[in-house]
Amino acid sequence: MKDTPMISDPVHDVVISRSVKVRARDGVLLSVDIYRPAKDGEPLPGPFPAVVTRSPYDTRSGKGPSGQAGNGEYFAKRGYLYLVQDARGRYESEGDFILLDQDGEDGYDVIEWLAERPYCDGNIGTQGSSLRAWNQNATALLRPPHLKAMWVNQGGSNGLTSAIRHNGAFEMRWFGWAVTNGIHAQEAHADPAIQTAMVRNAEQMYDWFCRLPWSEGNSPLAPLPKWEKWALDMYRNGDDGPFWRNPSRNFAPYRDRSADIPTVYAGAWYDSYARASIENFLAMDARASHQYLMMGAGVHGGPNFDNRLTGQVDMGPGATIKGNLERDRKQMMLRFFDRFLKGDETAWVDQPKVRYVRMGGDGGKNAAGQLLHGAKWVADTQWPPTGTQPQDWFLQPDTTLSRDTAPASAPSTLTYDPAHPMPTVAGNVSSMTQNLPPFARMMRTGDPITLRQSIVLQGAADQVTHDGMFAEPPYGDLADRPDALVFTTAPFEQETEVTGVPEVEIFLSSDAPDTDIFIMLQDLYPVSDTWPTGYRLNLCDSIFRVRYRDGFDSPTMMEPGKVVRVRFPLYPISNAFQPGHRLRVLVSSSSFPRFDPNPNTGEAIGRHTHTRIAVNAIHHDPAHPSRLILPIRG
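Residues numbered from 1 in each chain as written. Predicted model: local features only at pLDDT ≥ 70, side-chain atom pairs only at ≥ 80, totals over all residues. Heavy atoms only, no water.

Focus: the side chain of Ser 248
1) Next: Among the secondary structure elements, Ser 248 is positioned in the loop between helix 8 (225-236) and strand 10 (263-268).
2) Next: Residue Ser 248 is classed as buried on the basis of its relative accessible area, which comes to 3%.
3) Next: Only 3.3 Å separates the side chain of Ser 248 from the backbone nitrogen of Gln 102, close enough to count as a polar contact.
4) Next: Of the polar contacts made by the side chain of Ser 248, one reaches the backbone nitrogen of Asp 103; its length is 3.0 Å.
5) Next: Once you skip the residues sitting within four places of it in the chain, Ser 248 turns out to touch Leu 100, Asp 101, Gln 102, Asp 103, Gly 104, Trp 134 and Ala 138. (Helix = DSSP H or I, 4+ residues; strand = E, 2+ residues; numbered from the N terminus. Buried < 20%, exposed > 50% of the residue type's maximum accessible area, 1.4 Å probe, protein only. Polar contact = N/O pair within 3.5 Å; in protein donor to acceptor, adjacent residues only side chain to side chain. Contact = heavy atoms within 4.5 Å.)

As structure tokens, then:
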């Protein structure tokens, strides 16, 4: 990490204006807390620039690494106003909470209200992760005059193609989010019986996942009818249409409206928004100035940029912002805002347009016995990085993967039973949790949420099922299941870097009218003294509901035995395969509970009445060259 110029120092005290009410354009009162620079217990007159975060998670959450109290004090001590707003219908803000709806209008109204305060100088930025990132992009579409910069950390882009629905499948994490966060719905706060019911339902989240389809009054959200409605709307709206034209959940149709302001799009390879972070950057970099992309090696949540552990894999000391690019992530954000809100030309100098973590290069174990995969930050002027070229790797009938087209051959088949889908071991998930029921010696607090456990591990892990996780026996390598196929390269003779967005083109047939295709790329570690059974490291994946092969607005059923073509992108990745390692493509038709299992019946999305087993065939011959398209960086 090279020497960098000084930035804003913590020179102020802090006072907080609590529960200030801002009237939105429709008359609803939105509640905000404002952290202000102060001296001797009194707020300073300023005027100061400001950073705004709008959150569904309670403005008064703690001082931990992601707590808004910690962020507020950090920025206010350094000469900023820091405003955090309770999202509409959450905690102390009025109105109805509808996930990803009306975010742009509320953001505009809060920013422009703040700009009129005499202690604000009118230079306002936004920052936040997850839903606090979605609402930044939605606000930028309305171009608030005083919005001058954004740090968009791990937010969505097009909720139909990824992050809510995923190429036709539903990302089940949103059901988990709705139920566990519904415990703190305003209706639950007002009625202890509702809150108790929601707590109990959150303790049985996985069981509820297994009871699809949900319907009105037959879901864990039944105590909260308004929440149940928007959750079922997301679940049932598989086709493109008016539901996906809401600019709070799909920015793609409206990019040309977005404000031309400096923006950092920060994502991570194992985040649930990895694809969206890059899509946001590419769309805006083509038409706006001062656009930056950062892709770390971690999982969901801004503080994880300074955490080298990704799931069960240690990415090493080179993977963090801390100690490599900057003192820590907050200081990097501060430099960005000092440059574009305070006008300090020395604060953000010679910053590369693109920074990403290239994983791979170690292969040992850390002190805890976990895989030490290794990683380092790389800078570039563009995405995909310079020197990246696509290479075709063809699926072969002998289960290999090679640069040669496949010979004439019979297809490979898998049998997919929606009642017993392939379990998700680990991957790009967030909010995939359930509450733990009370247990002996548990310390009770005023918070009805006790403890949560992960149903699916966020991040990377050996792709092997085992006792103690949410999976049925027999346990073992996912590749050994009857609903999975694998195709594997020969060992690499030299280091081979894959950086970018892999794609697949699959030719398939089925005896069912509709089914899914799930693809995962793995870095296959060789058997060694360190790893006696090898290690099957998940890199990236994606799923596609085959009825949408002709377009998400044109669902088309399959004819039994007829071969169809499906092409779709996987999530982005950067990984250097070491000599002796192999790349393995795992093919299945499910990954549960990350995605809702396709019932194979062709019925209306989210309203199926039964399920059926499907025999799915992957074709690999000269007329049907199923392939993986790899972005190889030379």
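On we go from here.
Focus: the sheet that holds strand 29 (residues 535-545)
1) Next: The four strands are arranged 25-32-28-29 in an open sheet whose pairing can be described as antiparallel. Strand pairing shows two members of the sheet lacking a second neighbour, strand 25 (484-488) and strand 29, which therefore form its edges. Averaged over all pairs of adjacent strands, the angle between strand axes in this sheet comes to 20°, irrespective of strand direction.
2) Next: Summarising the sheet, strand 28 (residues 516-525) and strand 32 (residues 582-588) pair through seven bridges and their orientation is antiparallel. Note on strand 32: the bridge partner recorded for Phe 518 is Ser 588. (Pairing = 2+ DSSP bridges. Axes fitted to C-alpha atoms, helices over the stretch in contact; angles between N-to-C directions.)

Some remarks on the pattern of salt bridges
1) Next: By the definition in use, this model includes 33 salt bridges.
2) Next: Between Asp 109 and Arg 25 there is a salt bridge, with its nearest N and O atoms 2.9 Å apart. Of this pair, Asp 109 sits in helix 2 (residues 103-115) while Arg 25 sits in the loop between strand 1 (13-23) and strand 2 (29-39), and the two are 84 residues apart along the sequence.
3) Next: Exposure remark for Asp 109: the relative accessible area of 13% places this residue in the buried category. (Salt bridge = Lys/Arg side-chain N within 4 Å of Asp/Glu carboxyl O.)

A short note on the layout of surface pockets
1) Next: Empty space within the second largest pocket amounts to approximately 530 Å³.
2) Next: Lining the second largest pocket we find 29 residues, and of these Pro 418, Ala 419, His 420, Pro 421 and Glu 472 sit closest to its centre. (1 Å grid on protein atoms, 1.4 Å probe; cavity = no way out; pocket = protein on both sides within 12 Å on 5 of 7 lines; lining within 4 Å. Points joined across faces, edges and corners; volume = space filled by probe spheres on them.)

Quick word on the packing of aromatic side chains
1) Next: Inspection of the entire model under this criterion finds 37 aromatic pairs.
2) Next: Measuring from ring centre to ring centre gives 5.7 Å for Phe 75 and Tyr 82, while their planes differ by 10°; the resulting arrangement is stacked.
3) Next: Look at Phe 75 and you get buried, because its relative accessible area is 0%.
4) Next: A centroid spacing of 5.9 Å and a plane angle of 40° characterise the contact between Phe 544 and Phe 552, whose relative ring orientation is tilted.
5) Next: Judged by its relative accessible area of 18%, Phe 552 falls in the buried class. (Phe/Tyr/Trp six-rings, centres within 6.5 Å; stacked < 30°, edge-to-face > 60°.)

Here's the deal with empty space enclosed by the protein
1) Next: A complete count under the given rule lists five cavities of 30 Å³ or more for this structure.
2) Next: Its volume calculated, the largest cavity comes out at about 70 Å³.
3) Next: Lining the largest cavity are 13 residues, with Pro 599, Ala 604, Ile 605, Gly 606 and His 608 sitting closest to its centre.

Some words on helix 10 (residues 329-340)
1) Next: A rise of 1.5 Å per residue sets the reference length of helix 10, with its 12 residues, at 16 Å; its end C-alpha atoms lie 17 Å apart and thus fit the reference within 8%.
2) Next: Of all 12 residues in helix 10, 12 are buried; the element is thus mostly enclosed.
3) Next: Looking only at helix 10, the buried set comprises Arg 329, Lys 330, Gln 331, Met 332, Met 333, Leu 334, Arg 335, Phe 336, Phe 337, Asp 338, Arg 339 and Phe 340.
4) Next: Capping the start of helix 10, Asp 328 holds a side-chain oxygen 3.3 Å from the backbone nitrogen of Lys 330, two or three residues further along. (Expected span 1.5 Å × (residues − 1).)

Examining helix 1 (residues 68-76)
1) Next: Within helix 1, eight of the nine residues are buried, which leaves it mostly tucked inside the rest of the structure.
2) Next: Residues of helix 1 that are buried include every one of Gln 68, Ala 69, Gly 70, Asn 71, Gly 72, Tyr 74, Phe 75 and Ala 76, and no others.

Here's the deal with the nonpolar core
1) Next: Ranked by size, the top nonpolar core spans 170 residues in total, and within it Leu 114, Trp 151, Phe 175, Trp 269 and Met 359 carry the most contacts.
2) Next: In terms of nonpolar packing, the next biggest core, distinct from the first, is built from 16 residues, Met 469, Ala 479, Ala 484 and Ile 543 among them. (Core = buried A, V, L, I, M, F, W, Y, C linked by side-chain atoms within 4.5 Å.)

Observations regarding the pairing of strand 11 (residues 291-296)
1) Next: Within strand 11, six of the six residues are buried, which leaves it mostly tucked inside the rest of the structure.
2) Next: For strand 10 and strand 11, the ladder comprises six bridges, and the chain directions are parallel. From the neighbouring strand, Tyr 265 faces strand 11, where its bridge partner is Leu 293.
3) Next: Since strand 10 and strand 11 lie parallel, the crossover through helix 9 (residues 274-285) that links them has a hand, and here it is right-handed.
4) Next: Pairing geometry for strand 11 and strand 14 (residues 354-359), over three bridges, is parallel. Bridging across to strand 14, Met 295 finds its partner in Tyr 356. (Right-handed = clockwise from strand over helix to strand, strands pointing away.)

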